[in-house]
Amino acid sequence: IDDDPDLITASDVLESGTFTPSGSSFSHGPSGLITTTDTNATPQSVGASGSNVARMDGSVAFESTDVLVRFSAPVGGHVSGYWPDVDAYMNP
C-alpha cells in the first residue's frame, strides 16, 4: 500500500447543525456523550475533550479538540463535522 499511514480512516462523530433532530452532539465530554439543541455549538464550547481517530496504519489515537478542524457539508441545512486536518496533520 502506497498511501500515507497517517491518513484517517475513521473517527468518533463530532457534529453540529444536525437538522433531524435539530442540534449537535460530541463524544468525550466530562460525563460522556454531549448532546445539545444548540446547532451552533462547537466541541470547545460544550467542553468536549477530543475524538478517537483511526489511521491507515491500523493505529488509533485520541486527538484533542485543539487539533480538530471544522469541515462543513451543507445539505438541506448546515451540518459540520470535526476531525484533524488530513492535509496538515503530521506533515512538516
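From a predicted model like this one, the values you see are computed outputs, not experimental measurements.

The rules behind these values
Position numbers for residues start from 1 in each chain and track the written sequence from start to end. The model is predicted, so local features are restricted to residues of pLDDT at least 70 and side-chain atom pairs to those at 80 or more, both for listing and for counting; the totals for chains, interfaces and linings are taken over all residues. The side-chain figures draw on all heavy atoms in the structure; neither hydrogens nor water molecules are used. Scored from 0 to 100, pLDDT records how confident the predictor is in each individual residue. Only DSSP runs of H or I with at least four residues qualify as helices, and only runs of E with at least two residues qualify as strands; both kinds are numbered from the N terminus onward. The criterion for strand pairing is that DSSP finds at least two bridges linking the strands in question. Note on definitions: angles span 0 to 180 degrees between N-to-C directions of axes, and those axes are lines fitted to C-alpha atoms, for helices only across the stretch in contact. Summary of the burial criterion: residues with accessible area below 20% of their type's maximum are buried, those above 50% are exposed, and those between are partly exposed, where the area comes from a 1.4 Å probe applied to protein chains only. Two N or O atoms count as a polar contact when they lie within 3.5 Å, although within protein this holds only if one can serve as hydrogen donor and the other as acceptor, and sequence-adjacent residues are included solely when both atoms are side-chain atoms. Throughout, a contact is declared for two residues whenever any of their heavy atoms are within 4.5 Å. Nonpolar cores are built from buried Ala, Val, Leu, Ile, Met, Phe, Trp, Tyr and Cys residues. Side-chain atoms within 4.5 Å join them into one set.

Low-confidence regions, as indicated by low pLDDT, have predicted coordinates that should not be scrutinised in detail. Looking at the protein, the pLDDT average stands at 84 and 87% of residues meet or exceed 70. Highest mean pLDDT in the protein belongs to helix 1 (residues 43-46) (94); lowest belongs to strand 2 (residues 15-19) (85).

Hydrogen bonds between backbone atoms are what pair the strands of a sheet, whose relative direction is either parallel or antiparallel. Judged by pairing direction, the sheet is antiparallel, and its three strands sit side by side in the order 1-5-6 without closing on themselves. Each edge of the sheet is formed by a strand with only one pairing partner; in this case those strands are strand 1 (8-11) and strand 6 (60-64). When strand polarity is set aside, the average angle formed by the axes of neighbouring strands in this sheet is 35°. Sheet topology places strand 1 next to strand 5 (residues 50-55); three bridges connect them, and they run antiparallel. Residue Ser 11 lies in a different strand from strand 5, and its bridge partner there is Val 53.

We now examine the side chain of Ser 24. The residue Ser 24 is located in strand 3 (residues 22-29) in this model. What makes Ser 24 buried here is its relative accessible area of 4%. In this structure the side chain of Ser 24 is engaged in a polar contact, spanning 2.7 Å, whose partner is the backbone oxygen of Asp 38. Those residues in contact with Ser 24, other than ones at most four positions away along the chain, are Glu 15, Ser 16, Gly 17, Ile 34, Thr 35, Thr 36, Asp 38, Thr 39, Asn 40 and Ala 41.

As a further point, take the sheet that holds strand 4 (residues 32-36). Here five strands make up an open sheet; going across it, the order is 4-3-2-8-7 and the pairing antiparallel. Each edge of the open sheet carries a strand with a single partner, namely strand 4 and strand 7 (68-72). On average, each strand axis in the sheet is tilted by 25° relative to the strand beside it, whichever way the strands run.

Turning our attention to the nonpolar core. By size, the foremost hydrophobic cluster in this structure holds seven residues: Leu 14, Phe 26, Ile 34, Ala 41, Ala 48, Leu 68 and Tyr 82. Aside from chain neighbours lying at most four places away, what touches Tyr 82 is Leu 14, Glu 15, Ser 16, Phe 26, Ala 41, Thr 42, Pro 43, Leu 68, Val 69 and Arg 70.

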